[in-house]
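# Topology and contacts: notes
Chain residues, written in single-letter form:
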Amino acid sequence: MNLLDLRRKRAAKIAALRQLLDNADNEERGLNEQETKDYEQLQADIENLDNDIARRERLDEMERGLNDAPSRPEPDQDANIGMSDEEVREYSIVRAIRALANNDWRGAELEREASEEVARRMDTTPQGFFVPNDWVTRDLSVGTPTAGGHTVSTDLLASSFIELLRNRLALVNAGARMLDGLEGNIAIPRQTGGATAYWVGEAGSPTESQQTVDQVTMTPHTAGAFTDFSRRLILQSSIGVEAFVRQDLASVIALAIDYAGLHGDSGANANQPDGLEQLAGIGAVAGGTNGAAPDWADIVSLETEVAVDNADVGNLAYITNAAVRGKLKTTEKYASSNGMSVWGEGSNPLNGYRAIVSNQVRSDLTKGSGTNLSAIFFGNWADMIMGLWSGLDIMVDPYTHSTSGTLRVVSLQDVDFAFRHAQSFSAMLDAITT
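Residues numbered from 1 in each chain as written. Predicted model: local features only at pLDDT ≥ 70, side-chain atom pairs only at ≥ 80, totals over all residues. Heavy atoms only, no water.

## Section: the nonpolar core
I93 and W381 are the most contacted members of the largest nonpolar core, which has 74 residues in total. Among the elements that take part in this core, helix α11 (residues 239–263) stands out by supplying ten residues, more than any other. Apart from residues lying up to four places away in sequence, I93 is in contact with F129, V131, W135, E242, V245, L249 and I394. Counting 19 residues, the second largest nonpolar core, distinct from the first, contains A311, L316, L328 and W343. (Core = buried A, V, L, I, M, F, W, Y, C linked by side-chain atoms within 4.5 Å. Buried < 20%, exposed > 50% of the residue type's maximum accessible area, 1.4 Å probe, protein only. Helix = DSSP H or I, 4+ residues; strand = E, 2+ residues; numbered from the N terminus. Contact = heavy atoms within 4.5 Å.)

This is the structure we're talking about:
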């Protein structure tokens, strides 16, 4: 086990300790007998890992001293650089943006060193600066006052950048699986056929059969999104500004990723991953190109397209835009006009399922003579996999809006999508809402 693996294992043990205490705190009680034993065991495991890590670090130091000019180590392909909790607390995305904009890293040595270490490990050069995965993914709370706890906001560090991103992704809210911190190309096994059952006579034996398996592959594609901040805002060092910038960056990346997951088209843009709209084999429901808006029968047909393939299990939900929601709220559910609309009330307003509304869902589709058509998707979103690779790259453009003193901050994230089973999804791509 290498040093990085030991540190990751230690971090997992610490997280388990925190979970034990949080569970007890949430229930306003102390640790029970079993939890106390688990806590003590975790503490012992962490102490053993601390000793292992210290030995490894000493050995690395000795090995580095064997050569006067040590050769450059092989890249680790990991943007997690082993920052301490205190270093993660001290890290400032605003300070790094300000330093890059002014080309002056004085006072931002931590941020610069972190970017350089990520670049070394990944054997690549950032277009701006790399954000270490330690900061992107780690959850922290305020530390002790002597360790700078008085200067750290609980709200700022209550959730990681990745969690902020999750909360803004409509696809993840629908139930899509998010894999973060990926390295290299990914291949996920998928069963494409099952064994066959046979009826046999007495003393007979069935014919041999077996399952068939292929792979779903994922390759990183770079998504870029930008947001504009005033120079005066970036000059601030308040905790509130730090949280605002972090959340804003998560929002713009989420918009880019959500759109690609639904409507990405590598045929139109080779740099873009294919999204659900381009997925071959999904259930297709014809919508309103005949002059009618989507109705109750269309919504049920979307469900049926998935159900007939025995795929109506898991995280089932509809995803559409606000225009479709508005139309379905004013569309009678049945011809009897009993006052019931297609879009109902409650947490499962559409055909008894959850419905996620995002204006990332296109409303400018065309089909035949129809224009400004909207999409409605339905499916088991657990069969949609969203992959994020390590290395959030931040660029600063001080020139585009230089006359107004505004900085454009561009965030780049490698992402791809995979679908375990096309039969788990259906789509209507020609819904009339006007």
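## Some remarks on the packing of helix α4 (residues 93–102) against α11
When two helices pack together, their arrangement is given by the angle between the helix axes and by the axis-to-axis distance. Remark: α4 packs on α11, axes separated minimally by 8 Å, with the N-to-C direction vectors making an angle of 80°. Judged by the inter-axis angle, α4 sits roughly perpendicular to α11. Packed against α4, whose contacting residues are I93, V94 and I97, the element α11 presents V241, E242, V245 and L249 at the interface. Taken together, the residues of the contact of α4 with α11 break down into six nonpolar, no polar and one charged. (Axes fitted to C-alpha atoms, helices over the stretch in contact; angles between N-to-C directions. Parallel < 35°, antiparallel > 145°, perpendicular 65-115°, else oblique. Nonpolar A, V, L, I, M, F, W, Y, C, P; charged D, E, K, R; others polar.)

## Side note on the packing of helix α8 (residues 161–168) against α11
Contact geometry for α8 and α11: axes closest at 8 Å, N-to-C directions at 50°. As summarised for this structure, α8 and α11 are arranged oblique, according to the angle between their axes. For the crossing formed where α8 meets α11, the hand is right-handed. Along the contact surface, α8 presents F161, L164, L165 and R168, while α11 presents R246, Q247, L249, A250, S251, I253, A254, I257 and D258. The residue inventory of the contact of α8 with α11, partitioned by class, reads eight nonpolar, two polar and three charged. (Left-handed = near helix turned anticlockwise from the far one by under 90°.)

## Brief notes about the pattern of salt bridges
As enumerated under the stated definition, the model contains 15 salt bridges in all. With its nearest N and O atoms 3.2 Å apart, the salt bridge here joins K13 to D45. Of this pair, K13 sits in helix α1 (residues 3–26) while D45 sits in helix α2 (residues 33–64), and the two are 32 residues apart along the sequence. Put simply, D22 and R18 hold a salt bridge, and the shortest N to O gap is 3.7 Å. Linking D22 with R18, this pair stays in helix α1, spanning four residues, or about one helical turn. By relative accessible area, which is 28% here, D22 ends up partly exposed. Overlapping salt bridges bring together E27, R29 and E35 as one network. (Salt bridge = Lys/Arg side-chain N within 4 Å of Asp/Glu carboxyl O.)

## What to know about the environment of I319
The topology assignment puts I319 in strand β7 (residues 316–320). Classification of I319 by relative accessible area gives buried; the value is 0%. I319 sits 57 residues away from L262 along the chain, and the two C-alpha atoms are 9.5 Å apart. Setting aside residues no more than four positions away along its own chain, I319 makes contact with A170, L171, A174, L262, I356, V361, A375, I376, F377 and W381.

## Notes on unusual backbone geometry
You will see that N103, though not glycine, has its phi angle at about 50°, which is positive. Summarising the element assignment, N103 is placed in the loop between α4 and α5 (109–122). Phi angles above zero are rare outside glycine, and N310 is one such case at about 60°. Tracing the backbone through its elements, the reader meets N310 in the loop between α12 (296–307) and β7. Look at N310 and you get exposed, because its relative accessible area is 68%.

## So, the pairing of β7
Remember that side chains alternate between the two faces of the sheet whenever the strand is regular. Most of β7 is tucked away, with five of its five residues classed as buried. Burial of the side chains of β7 extends over both faces: L316, Y318 and T320 are buried on one face and A317 and I319 on the other. Bridge analysis of β7 against strand β10 (residues 370–380) gives four bridges, and the strand direction is antiparallel. In the sheet register, A317 faces β10, and the bridge partner there is G379. Inspection of the sheet shows β7 paired to strand β8 (residues 354–357) by four bridges, in the parallel sense. Following the sheet pairing, T320 is matched in β8 by V357. (Pairing = 2+ DSSP bridges.)

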